[in-house]
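Each chain, written out:
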Amino acid sequence: ELKEIVFVIQSQSNSFHSKRAEDLKRDILKQAVDLGKELPTVLLIHQIDRHEGAWTILPLMRDFSLTYGRNSSWIFFCEEDTRIQVIKLLETLRRFDKSKEWFLGKPLYDEESTIIHHYAFAENPTVFKFPDFAAGWALSIPLVNKLAKKLKSEPLKSDFTIDLKHEIALYIWQKGEGPHLTPVPEFCTDDVNSYNADHCATTFSNFLPLCGEPVNKEDVFVAVKTCRKFHGDRIPVVKQTWEREAALIEYYSDYADISIPTIDLGIPNTDRGHCGKTFAILERFLNHTSPRTPWLVVVDDDTLISIFRLRKLLSCYDPNEPVFLGERYGYGLGTGGYSYITGGGGMVFSRTAVQKLLASKCRCYSMDAPDDMVLGMCFSGLGIPITHSPLFHQARPMDYPKDYLSHQIPVSFHKHWNIDPVKVYFTWLAPNTEESRNAKKVGYNREDL
């Protein structure tokens, strides 16, 4: 029965995201009323604030087991933009014996081993399947109870959370002792209006949110972190690709080169971390740019980004809120750690967030500390949650499953390693003719990359 399903929306506390999650919750409950069914439980993850790492889901298993272990059959997880046909979801779940351990979803897999999965299954990465969260995924209560028991005796290690969907599947699989992901064709990422969607219990249509007019070009200040040794190879790529999309852009280096031009912030280059440089950029943004410029984007010199699409995305966020936006990673979340925005995909700050950060005493513990992690630690200490967008990417397009990227209009990728970065930009990120009439149409095919 419907009341035996606990819906868990993978929500966020930012006002734009929480509203979307609340809308989905209302829609699920309305469908239940229309069906004449007893109302199911619908939870929003950002409201389960007992855990800093609630978004990583595994820390919630013990609570789920204690609270729902007796009277429920399934925990069904979905994103705020997943659309659910409740009656079809019920029919789909009824096919599975609820007394057994089930891990259900739409399967993704790596075509080649990838750094973001620590090169797992290097000999044949296609054998390991993990769920596309956008399609929704489900755990039967017997499996939830088993996971809760295991987590009680073996707490999660306090290391990194990089790609949650892969890491959850690995944890459930338990090196072959637990269940594999069972593919469910009714869990879909097709657009709700697509002809393929008739058989789907779930659909997904959020390619790139747009909440009104894109923010103005002059509302986005872009800071590029570079150093002298990369002036000759990385900066020309930026100039050939996305620089023209930015109205306000500065390059920060350890050497002032007027041909680019770069600005020497007086911070020596470090081989890693770059915390000192990033905090100097934040200070400069606050003190030397127009107070009417609400957004700052900090990128590496080997980040490929669409400022055009970012301006669309930022139309959904209120710059009067302290917004810190990008691709979310976690550190030590099983043991009271923190979440952070990984730097390579680009870090987006509202001016309000920069003001609150710099007004605090939180700073780098060393000049070469990892800037993105220190920022995450600082914002966590200030009680300012980071905001995740799956459209920012810390790695290259080939490091992600094709099916995962197929329901995105990406904002960024990172690294020039073993790729033609100019080709990647024009294939994945350049404004196409629909997006911008002035953009040249370039005949690269995504399948080639």
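Residues numbered from 1 in each chain as written. Predicted model: local features only at pLDDT ≥ 70, side-chain atom pairs only at ≥ 80, totals over all residues. Heavy atoms only, no water.

Draft legend 1. Fine view of the sheet that holds strand β3 (residues 74-79). Taken together, the six strands give an open sheet; going across it, the order is β2-β1-β3-β8-β5-β10, and neighbouring strands pair in mixed fashion. Of all strands in the sheet, those with a lone pairing partner are β2 (41-44) and β10 (182-183), marking the two edges. Both strand β5 (residues 103-105) and β10 contribute to a ladder of two bridges, which runs parallel. By the bridge assignment, Gly-105 is partnered in β10 with Pro-183. Packed onto the sheet, helix α2 (residues 61-68) meets β1 (5-10), β2, β3 and β8 (137-140) and runs at close to 135° relative to β3. Contacting β3, β5 and β8, helix α4 (residues 141-153) runs over the sheet at an angle of about 75° to β8. (Pairing = 2+ DSSP bridges. Helix = DSSP H or I, 4+ residues; strand = E, 2+ residues; numbered from the N terminus. Contact = heavy atoms within 4.5 Å. Axes fitted to C-alpha atoms, helices over the stretch in contact; angles between N-to-C directions.)

Draft legend 2. Spatial organisation of the environment of Gly-273. Position of Gly-273 among the secondary structure elements: in the loop between β14 (262-264) and α7 (275-288). Taking C-alpha positions, Gly-273 is 15 Å from Val-224, a pair spaced 49 residues apart along the chain.

Draft legend 3. A look at the packing of aromatic side chains. Following the criterion strictly, the structure yields 23 aromatic pairs and no others. Each ring, one from Phe-64 and one from Tyr-68, has its centre 6.4 Å from the other, and the planes form 50°; the classification is tilted. Here Tyr-68 and Phe-64 lie together in helix α2, a separation of four residues that amounts to about one turn. Residues Phe-64 and Tyr-68 agree in their burial class; the two are buried. Grouped by ring-pair contacts, the aromatic residues Phe-64, Tyr-68, Phe-77, Phe-103, Phe-133 and Trp-137 constitute a single cluster. Above the plane of the ring of Tyr-255 lies Arg-228, whose end atom (NZ or CZ) is 3.7 Å from the centre. It is Arg-328 that lies over the ring of Trp-55; its NZ or CZ is 4.0 Å from the centre. (Phe/Tyr/Trp six-rings, centres within 6.5 Å; stacked < 30°, edge-to-face > 60°. Buried < 20%, exposed > 50% of the residue type's maximum accessible area, 1.4 Å probe, protein only. Lys NZ or Arg CZ within 6 Å of the ring centre and 35° of its normal.)

Draft legend 4. Broad picture of the pattern of salt bridges. Scanning the model with the defined rule gives 23 salt bridges in all. A salt bridge links Asp-34 to Lys-30; the shortest N-O distance between them is 2.8 Å. Of the two residues, Asp-34 and Lys-30 are both situated in helix α1 (residues 15-34); the distance of four residues between them amounts to about one turn of the helix. Lys-30 carries the same exposure label as Asp-34, and that label is exposed. The network of salt bridges with common partners includes Lys-19, Asp-23 and Arg-26. (Salt bridge = Lys/Arg side-chain N within 4 Å of Asp/Glu carboxyl O.)

Draft legend 5. Layout of the nonpolar core. Met-61, Phe-64, Leu-139 and Leu-310 are the most contacted members of the largest nonpolar core, which has 85 residues in total. Split by domain, the residues of this core number at least three in each of domain 1 (2-204) and domain 2 (217-440). Beyond its immediate chain neighbours, meaning those up to four positions away, Leu-310 contacts Val-220, Val-297, Ile-305, Val-348, Phe-392 and Val-411. (Core = buried A, V, L, I, M, F, W, Y, C linked by side-chain atoms within 4.5 Å. Domains from an automatic or database assignment.)

Draft legend 6. Just the UniProt feature "domain: Fringe-like glycosyltransferase" (unreviewed entry) in the protein chain, in detail. Here the UniProt-annotated "domain: Fringe-like glycosyltransferase" (unreviewed entry) positions come out as residues 69-152 and 214-424. Regarding residues 69-152, the helix share stands at 24% and the strand share at 24%, and the terminal C-alpha atoms are separated by 15 Å. In the segment residues 214-424, helix accounts for 27% and strand for 21%; the C-alpha atoms at its two ends are 24 Å apart. (UniProt positions renumbered as here; feature names shortened; annotations may be inferred.)

Draft legend 7. Representation of the packing of α7 against helix α10 (residues 371-381) in the model. The interhelical angle for the contact between α7 and α10, taken along N-to-C directions, is 60°, at an axis separation of 8 Å. Put simply, α7 runs oblique to α10. Residues Cys-275, Thr-278, Phe-279 and Leu-282 of α7 pack against Asp-371, Val-374, Leu-375 and Cys-378 of α10. When the residues that make up the contact of α7 with α10 are grouped by side-chain class, the tally is six nonpolar, one polar and one charged. (Parallel < 35°, antiparallel > 145°, perpendicular 65-115°, else oblique. Nonpolar A, V, L, I, M, F, W, Y, C, P; charged D, E, K, R; others polar.)

Draft legend 8. The domain arrangement of the protein chain, seen in detail. Entries for the protein chain in the domain assignment read domain 1 (2-204) and domain 2 (217-440). The gap between the C-alpha centroids of domain 1 and domain 2 is 30 Å. The interface is formed by 30 residues belonging to domain 1 together with 31 residues belonging to domain 2. Taken together, the two surfaces of domain 1 and domain 2 that pack against each other cover about 2600 Å², and 54% of this comes from carbon and sulfur. The interface formed by domain 1 and domain 2 contains one salt bridge. One salt bridge connects Asp-403 with Lys-106, and the closest N-O pair in it is separated by 3.1 Å. Taken together, the connections running from domain 1 to domain 2 amount to 10 residue pairs in polar contact (both at pLDDT 80 or more). (Buried area = accessible area lost by both parts, 1.4 Å probe. Polar contact = N/O pair within 3.5 Å; in protein donor to acceptor, adjacent residues only side chain to side chain.)

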